[in-house]
Amino acid sequence: MDLFSAIDTEPVRQRMEQLGAELDRLNYEYYMNDRSLVSDQQFDAMMRELQDLERQYPELASPLSPTKRVGGEVNKSFRQVQHRFPMLSLGNTYSIEEIEDFEARTRRILNSQFSILNSQFSYTCELKYDGVAIGLTYRHGHLVQAVTRGNGTVGDDITANAKTIPTIPLRLRGDYPDDFEARGEVVYPFEAFNAFNEQRQAEGLDPFANPRNAASGSLKLQDSAECAKRKLLFCMYFMMAPDDVPLPDTHYGRLQAASQMGFKVQPYIRECHDIGEIKAFIDYWDRARWDLPFGIDGIVIKVNQTALWDRLGLTAKSPRWAIAYKFKAERVSTPLESISYQVGRTGIVTPVANLRPVSLGGTVVRRATLVNADFIADMGICVGDSLLVEKGGEIIPKVVGVDMEKRQPGAMPVQYVVRCPECGTPLVREEGEAGSYCPNADGCHPQIIGRLEHFVSRRAMNIDTLGPERLELLYSAGLVRNVADIYDLRRDQLVGLGTDATIQDRGADNLLAAIDDSRQVPFERVLFALGIRYVGEVGAKKLARHFGSMDALMAATEEELAQVDDVGTVTAHAVCQWFADAEHRAVVERLRAAGLQMQSADSAQDSLLQGLTIVVSGTFERFSRDEIKADIESHGGKATGSVTSKTSYLLAGEKTGPEKMKKAAKLGIPVITEADYLAMTQKADA
Ligand code: IVH
């Protein structure tokens, strides 16, 4: 840097530092102390100023700048890193007796083997957060790396996403060890989780089953700006360091120190001196846990004095100085008031129990799935019964049985519907299937709309401007009856549609542009979008790879279909049946005419060596032996080791065995070189 630019940028650098420090302070007060010292607008203005300066002077930007909280770094795949200290798990139990045993055993070992008096040790009891474990490495007070637990030895580097979590300090305050790891759980607080799930459903996406899965998915997002929007919370529960770095000598002291450094340490931790105090803590939280803003699934009990940890040692995978008590799922009994039947896009009918509202695990439960006819029969549910409903780690309540104590004398078994509740068509139940379905695919409203919704959904054709409301609108206007109709829509039909002209000029243009874009969606997703029963995303991919084109797939027999990896006879049958329907074939032809992808982009490449058996021998310039074998297979060929009459070619590298050459000559099998192979697989000029 020359003298002039050094002088020029100094005030900028100072301003950036000042903004960074102030934003750090405001963040800290807001997230750690629940205090807003400035208005949102003031905060945003400072953040924007710093972002602008960082864009203008990237060389002056700090990797730990509070702007990183907003995210923006994109990670295509997460680097795997080895944990410096393995991430152990804890022994866990649902039984209070086993907690008593743990306490008694620990006390006995400490008293008798190590002559440690009761007054010389204690336990800590704290919450067992229900989220995703991560480890944060800090050097010289700076966050340098965040890694998921993974298999305990190796995890994923999720640093960019972790930086967006406000309760993970980027720079520590006060006194801190020079080199240490902070461990804790990333949880998705209920309020933010529910809002996020509602938004997903509004967008036609499947909701996450529980906050833990959603937290885990968030940490693996490629775009850290997306992760920043998720409002995750980091709860610190553990600190460790290399032997030469001193830490406080109790677990409790370490967490207190961490809190001074700027970590969010939940205040619900208690030092306990005997089993009575431990049990009281467990009892209290078993009831009070539903009032917490985030999920916990138990209580963790640790020996407080860290010097005793080594003495107590480890079992194969967990320390002897700690244990987790897991809460049993909460269960209530409530009367079944009626059963509704929902019809999905494939016609599958799902019975849903309408329950007398009952409070369970912090929310009021009104409905729960009864899965299918077999589920109801297996449980022997009768009219007028009360059902047992449970809520475990899942947010979604589950019916687990009938409350026999409340069974009415002479109660009659529930009669499952025999006609579709939506269109009145008699339901069909195929042999070996647990559920029944409505066969009136083309005349049953929820099926028609459901198929359209599936077709346009993000993972299928991704026509995101066509939400459920618009589809309903287009359907009732008679413009869209099946998925092929979407591609016939014209601008003049769209503008002004809806009672209050819901679709305007811009909306119509955007919609047509999104429809047009969908013509480029790869074949495998087109196949998935058709909504054939049992053909999910993975199945569609496998079928598309194997057959390469819609025509080949349509021509396949049930036996041929069933030979594809992971495609069972049930799916094969469903695919065959689907294509046997003349109306379905007509839809496919219209989609083809509309320009949708009906062929795998790489199918030609994939089948260059179809049907050829190639013997590989010797060494090669461009490939290792294993690589060239894999390459042959990737083009549909078979790589084998010995020359027989069935061999198509002997691919001979340097030092090919003379026996193989002789045998090939004897059987008249052509010998090819690496250059020939490259030409055959169209890699010659690469
Ligand atoms: S201590 C060596 N404390 O529960 C001790 N773990 O198997 C390390 N967990 O995967 C764990 N809350 O992620 C500890 N307060 C807490 C915890 C906690 C949740 C998780 C942890 C681990 C699992 C135990």
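### Quick notes on the overall build of the chain
Counting its secondary structure elements, the chain contains 25 helices and 20 strands. Seen along its three principal axes, the alpha-carbon backbone of the chain occupies a region of about 85 × 80 × 65 Å. A fraction of 66% describes how many contacts in the chain between residues 6 or more apart in sequence connect residues 24 or more apart. By element, 49% of the accessible surface of the chain is carried by carbon and sulfur atoms, the whole surface being about 35000 Å².

### Considerations on the site of the ligand
With respect to spatial proximity, 13 residues lie near the ligand, and among them Leu90, Leu127, Tyr129, Glu185 and Tyr237 are the closest. Within the backbone of Leu127, one N or O atom sits 2.8 Å away from a nitrogen atom of the ligand. At a separation of 3.1 Å, an oxygen atom of the ligand approaches a polar side-chain atom of Lys128. In isolation the ligand offers 520 Å² of accessible surface; the protein chains occlude 90% of this area. Breaking the shell around the ligand down by element, the ones donating at least two residues are strand E3 (123-129) and strand E10 (296-303). With four residues, E3 is the largest single contributor of residues to the shell around the ligand. Classifying every residue of the shell around the ligand by side-chain character gives eight nonpolar, one polar and four charged.

### A look at the pairing of E10
Counting buried residues in E10 gives eight out of eight residues, a clear majority hidden from the surface. With seven bridges connecting them, E3 and E10 associate as antiparallel partners. Bridge pairing in E10 links Lys128 to Gly298. In this sheet, strand E11 (residues 322-326) lies alongside E10 in antiparallel orientation, the contact comprising five bridges. Bridging from a neighbouring strand, Gly298 pairs with Lys326 of E11.

### Observations concerning the environment of Lys231
Topologically, Lys231 is positioned in the loop between helix H7 (224-228) and strand E8 (233-240). Residue class for Lys231 comes out exposed when judged on its relative accessible area of 61%. Spatially, the C-alpha atoms of Lys231 and Ser218 are 9.8 Å apart, while their sequence positions differ by 13 residues. Every residue in contact with Lys231, bar those within four places of it in the chain, is listed here: Tyr188, Pro189 and Ala192.

### Examining the pattern of salt bridges
One pass over the full model with this rule turns up 35 salt bridges. Arg590 is the partner of Asp485 in a salt bridge, and the nearest nitrogen-oxygen pair spans 2.8 Å. Remark: Arg590 occurs in helix H21 (residues 582-593) and Asp485 occurs in the loop between helix H13 (468-476) and helix H14 (491-494); sequence separation between them is 105 residues. Residue class for Asp485 comes out buried when judged on its relative accessible area of 13%. Between Arg519 and Asp516 there is a salt bridge whose closest N-O contact spans 2.7 Å. One network of salt bridges, with partners in common, ties together Glu10, Arg13 and Glu17.

### Side note on the sheet that holds strand E19 (residues 649-652)
Strand order in the open sheet made by the four strands is E18-E17-E19-E20, with parallel pairing throughout. Each end of this open sheet is capped by a strand with a single partner; those strands are strand E18 (638-640) and strand E20 (671-672). Relative to E20, E19 runs parallel, the two sharing two bridges. Across the sheet, the residue bridging to Leu650 is Val671, located in E20. Contacts between helix H23 (residues 625-634) and the sheet are confined to strand E17 (613-617), E18 and E19, with E17 contributing the most and set at about 170° to the helix. Packing of helix H24 (residues 658-667) onto the sheet brings it into contact with E17, E19 and E20, and relative to E19 it is tilted by some 150°.

### Let's talk about helix H17 (residues 537-547)
Of all the positions in H17, only Ala540, Leu543, Ala544 and Phe547 are classed as buried. Down the axis of H17, the buried set is contained in an arc of 100°. They therefore lie on one face. Those residues of H17 that are exposed and angled more than 90 degrees off the buried face are Val538 and Arg545. The inward-facing, buried residues of H17 abut helix H16 (523-529), helix H18 (550-555), helix H19 (558-562) and helix H20 (569-580).

### Observations concerning the sheet that holds E11
The pairing of strands in a sheet happens through backbone hydrogen bonds and is either parallel or antiparallel. Overall, mixed pairing links the five strands, which are arranged E2-E11-E10-E3-E9 in an open sheet. Each having just a single partner strand, strand E2 (92-93) and strand E9 (269-272) make up the two edges of the open sheet.

### A short note on the packing of aromatic side chains
The tally for this structure, following the rule as stated, stands at 21 aromatic pairs. Taken together, Tyr188, Phe193, Phe196 and Phe208 form an aromatic cluster joined through their ring pairs. Seen from the ring of Tyr475, Arg481 lies directly overhead, with NZ or CZ sitting 4.4 Å from the centre.

### Things to note about the nonpolar core
Among the nonpolar cores identified, the biggest contains 54 residues, and Phe455, Ile463, Ile486, Tyr487, Leu543 and Leu591 are the most heavily contacted of them. Broken down by secondary-structure element, the contributors of at least two residues to this core are helix H12 (445-456), H13, helix H15 (505-517), H16, H17, H18, H20 and H21. If we skip the residues at most four places from it in the chain, Leu591 touches Phe455, Val483, Ala484, Tyr487, Leu530, Leu596 and Met598. With 40 residues, the next largest nonpolar core counts Tyr138, Ala146, Ile158 and Phe263 among its residues.

### Overview of the packing of helix H3 (residues 96-113) against helix H9 (residues 275-288)
Running from amino to carboxyl end, H3 crosses H9 at an angle of 145°, the nearest separation of the two axes being 10 Å. Handedness of the crossing formed by H3 with H9: right-handed. Touching Ile96, Ile99, Glu100 and Glu103 of H3 are Ile275, Ile278, Lys279 and Ile282, all from H9. Of the residues contributing to the contact of H3 with H9, the split by class is five nonpolar, no polar and three charged.

### Thoughts on H23
Helical periodicity: at 3.6 residues per turn, an α-helix aligns residues three or four positions apart in one direction. Where H23 is concerned, the buried positions are Ile628, Asp631 and Ile632. Looking straight down H23, one finds its buried side chains confined to an arc of 100°; they lie on one side.

### Notes on the packing of H12 against H13
Two quantities define a packed helix pair, namely the angle between the helix axes and the distance between the axes. Packing of H12 against H13 brings their axes to within 10 Å, and their N-to-C directions diverge by 125°. When the axis of H12 is compared with that of H13, the two are oblique. Here H12 runs over H13; the crossing is right-handed. For the pair H12 and H13, the contacting residues are His445, Ile448, Ile449, Leu452, Glu453 and Val456 in the first and Pro468, Leu471, Glu472 and Tyr475 in the second. Grouping the amino acids of the contact of H12 with H13 by side-chain chemistry returns seven nonpolar, one polar and two charged.

### Section: unusual backbone geometry
The backbone of Val371 sits at a positive phi, close to 65°, despite the residue not being glycine. Looking at the element boundaries, Val371 is found in the loop between strand E14 (363-369) and helix H11 (373-379). Val371 gets classed as partly exposed once you look at its relative accessible area, which sits at 40%. In this structure, Asn462 takes a positive phi of about 55° despite not being glycine. A relative accessible area of 32% means that Asn462 is categorised as partly exposed.

Conventions used here
- Residues numbered from 1 in each chain as written.
- Predicted model: local features only at pLDDT ≥ 70, side-chain atom pairs only at ≥ 80, totals over all residues.
- Heavy atoms only, no water.
- Helix = DSSP H or I, 4+ residues; strand = E, 2+ residues; numbered from the N terminus.
- Contact = heavy atoms within 4.5 Å.
- Areas by Shrake-Rupley, 256 points an atom, 1.4 Å probe, with all protein chains shown as cover.
- Near = heavy atom within 4 Å.
- Polar contact = N/O pair within 3.5 Å; in protein donor to acceptor, adjacent residues only side chain to side chain.
- Nonpolar A, V, L, I, M, F, W, Y, C, P; charged D, E, K, R; others polar.
- Buried < 20%, exposed > 50% of the residue type's maximum accessible area, 1.4 Å probe, protein only.
- Pairing = 2+ DSSP bridges.
- Salt bridge = Lys/Arg side-chain N within 4 Å of Asp/Glu carboxyl O.
- Axes fitted to C-alpha atoms, helices over the stretch in contact; angles between N-to-C directions.
- Arc of directions from axis to C-beta.
- Phe/Tyr/Trp six-rings, centres within 6.5 Å; stacked < 30°, edge-to-face > 60°.
- Lys NZ or Arg CZ within 6 Å of the ring centre and 35° of its normal.
- Core = buried A, V, L, I, M, F, W, Y, C linked by side-chain atoms within 4.5 Å.
- Left-handed = near helix turned anticlockwise from the far one by under 90°.
- Parallel < 35°, antiparallel > 145°, perpendicular 65-115°, else oblique.

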